[in-house]
Amino acid sequence: MSKFKEIANTKNHDEYKNNQDIFSHTADESSSQNMVDSYLVLLYKIIGFNLASNNKCIDVGCGAGYIAGAFNRVKINMDALEYSDDAIKILKENNSSLNIIQGDMLKFKEDNKYDLIFSREVYLITRVNSFTEQYQVISNMIDSLKPGGVFMLVGSDISFPHCMDYNLMINIYRKDDRLCLVSEKYYEVIFNKLHKYIFNKLSYKVLKLIFFPLIWYKKKYKKWASQYIIVFKKKK
Ligand SMILES: C[S@@+](CC[C@H](N)C(=O)[O-])C[C@H]1O[C@@H](n2cnc3c(N)ncnc32)[C@H](O)[C@@H]1O
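Calculation notes
Residues numbered from 1 in each chain as written. Predicted model: local features only at pLDDT ≥ 70, side-chain atom pairs only at ≥ 80, totals over all residues. Helix = DSSP H or I, 4+ residues; strand = E, 2+ residues; numbered from the N terminus. Rg over C-alpha atoms; globule rule 2.2 N^0.38 Å. Buried ≥ 20, exposed ≤ 12 C-beta atoms within 10 Å, placed from the backbone. Contact = placed C-beta atoms within 7 Å. Pairing = 2+ DSSP bridges. Right-handed = clockwise from strand over helix to strand, strands pointing away. Axes fitted to C-alpha atoms, helices over the stretch in contact; angles between N-to-C directions. Parallel < 35°, antiparallel > 145°, perpendicular 65-115°, else oblique. Left-handed = near helix turned anticlockwise from the far one by under 90°. Nonpolar A, V, L, I, M, F, W, Y, C, P; charged D, E, K, R; others polar. Expected span 1.5 Å × (residues − 1). Core = buried A, V, L, I, M, F, W, Y, C linked by C-beta atoms within 7 Å.

J.: Report on the overall build of the protein chain, specifying residues and quantitative values.
T.: Within the protein chain one finds nine helices and eight strands. For a compact globule of 236 residues, the expected C-alpha radius of gyration is about 18 Å, and the protein chain comes in at 17 Å, within 12% of that figure. Its C-alpha atoms give the protein chain principal-axis dimensions of about 45 × 45 × 35 Å. Evaluated residue by residue, the protein chain yields a buried proportion of 36% over its 236 residues. For the protein chain, restricting intrachain contacts to residue pairs at least 6 apart in sequence, the fraction spanning at least 24 positions comes to 73%.

Encoded structure:
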């Protein structure tokens, strides 16, 4: 069985069984609020995304649900989709007020339904290099967007070449007729730490130039994962 299928068929999220360690696998409350503030800078100031007040959005593979909750606090109507029973238990304990959907990201396809689909660090996408299946998952996300909708993917590269080849994915999706924009790989850490100083694409690039030596150093000598944000925008 391929690594992708092995992970995809795992019904449990074993890390969640050890309660002490859950927040190394899913974002906690305080970091989630900061993350969402930073994602909004990317969405509104760099991508120029507009979101109607009656929007419909979903966090796919939402973990403990704090990120979805933080989106809801800024009037983004984010449902929370999770797969494993262990994670659903954690999600209900921590964020029971969310609209929780138990479902499998691999089967997720709801045509033209969502303004914003968000997915962060679901290891099927981020940690297994299995192009065909990953391509299909992203393709289903694009089909599930309303015209003008956005899919925001956050993934990391700690064990490349075993992780998704993000550059390959970007190049292929830039030729996809359904899309009007596939962004570059934005460094999540720059948004998380410096979002108050990012005003537009150019100021992000300046901050990236300043920050890059540190990213390079940590990656090379401390085996640090770079977490990227990639935005896919569907044509109107
Ligand atoms: C590393 S956690 C990240 C959680 C959250 N997105 C965050 O960034 O805090 C990955 C989550 O994806 C969920 N997951 C894994 N495979 C999935 C699938 N096929 N469908 C939906 N969720 C899945 C796991 O149960 C886990 O909660």
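J.: Just give me the short version of the pairing of strand β2 (residues 78–82), but keep the residues and values in it.
T.: With four of five residues buried, β2 lies mostly within the body of the structure. With four bridges connecting them, strand β1 (residues 57–60) and β2 associate as parallel partners. Residue pairing for β2: Cys57 is matched across the bridge by Met78. Read as a crossover between parallel neighbours, the route from β1 over helix α3 (residues 66–73) to β2 is right-handed.

J.: Got a sec to walk through the pairing of strand β5 (residues 145–156)? Specific residues and values, please.
T.: Successive residues of a regular strand alternate their side chains across the two faces of the sheet. Judged by how many residues are buried, β5 sits mostly within the fold: nine of 12 residues are covered. Summarising the sheet, strand β4 (residues 114–120) and β5 pair through six bridges and their orientation is parallel. Across the sheet, Tyr114 pairs through a bridge with Leu145, a residue of β5. Sheet topology note: the β5/strand β8 (residues 227–234) ladder contains seven bridges and is antiparallel. The residue bridging Gly155 from the neighbouring strand is Tyr228, located in β8.

J.: If you had to explain the environment of Ile88 to someone new, which residues and values would you point to?
T.: With respect to the secondary-structure elements, Ile88 resides in helix α4 (residues 85–94). By C-beta crowding, Ile88 is classed as partly exposed, having 19 other C-beta atoms within 10 Å. For the pair formed by Ile88 and Met169, sequence separation is 81 residues and the distance between their alpha carbons is 30 Å. Excluding anything up to four places from it in sequence, Ile88 contacts Glu82 and Gln102.

J.: For the packing of helix α2 (residues 29–46) against α3, give the residues involved together with the corresponding values.
T.: The contact between α2 and α3 brings their axes to 8 Å, and the two run at 50°. Here α2 is positioned oblique relative to α3, judged by the angle of their axes. Where α2 crosses over α3, the two elements pack in a sense that is right-handed. Only Tyr66, Ile67, Gly69, Ala70 and Phe71 of α3 make contact with α2, whose side of the interface consists of Glu29, Ser32, Gln33, Met35 and Val36. When grouped by side-chain class, the residues that make up the contact of α2 with α3 number six nonpolar, three polar and one charged.

J.: Before we move on, could you go through the environment of Asn129 and cite the residues and values that matter?
T.: Within the secondary structure, Asn129 is located in the loop between α5 (123–126) and α6 (131–144). For the pair Asn129 and His162, spaced 33 residues apart in sequence, the C-alpha to C-alpha distance is 4.8 Å.

J.: Any chance you could break down α2 for me, citing the residues and the numbers?
T.: Here α2 spans 25 Å end to end across 18 residues, near enough to the 26 Å set by a 1.5 Å rise per residue. For α2, the full list of buried residues reads Ser32, Met35, Val36, Ser38, Tyr39, Val41, Leu42 and Leu43. Buried-residue contacts for α2 involve α3, β5, β7 (186–187), α8 (188–194) and β8. The positive-phi residue at the C-terminal boundary of α2 is Gly48, with phi of around 70°.

J.: Describe the nonpolar core, and please don't skip the residues or the numbers.
T.: Ranked by internal contacts, the top residues of the largest apolar core, which has 59 residues, are Ile67, Ile117 and Met152. Filtering out sequence-adjacent residues up to four positions away, Ile117 remains in contact with Ile58, Val60, Met141, Ser144, Leu145 and Phe151.

By themselves, these are just geometric observations and shouldn't be taken as functional.
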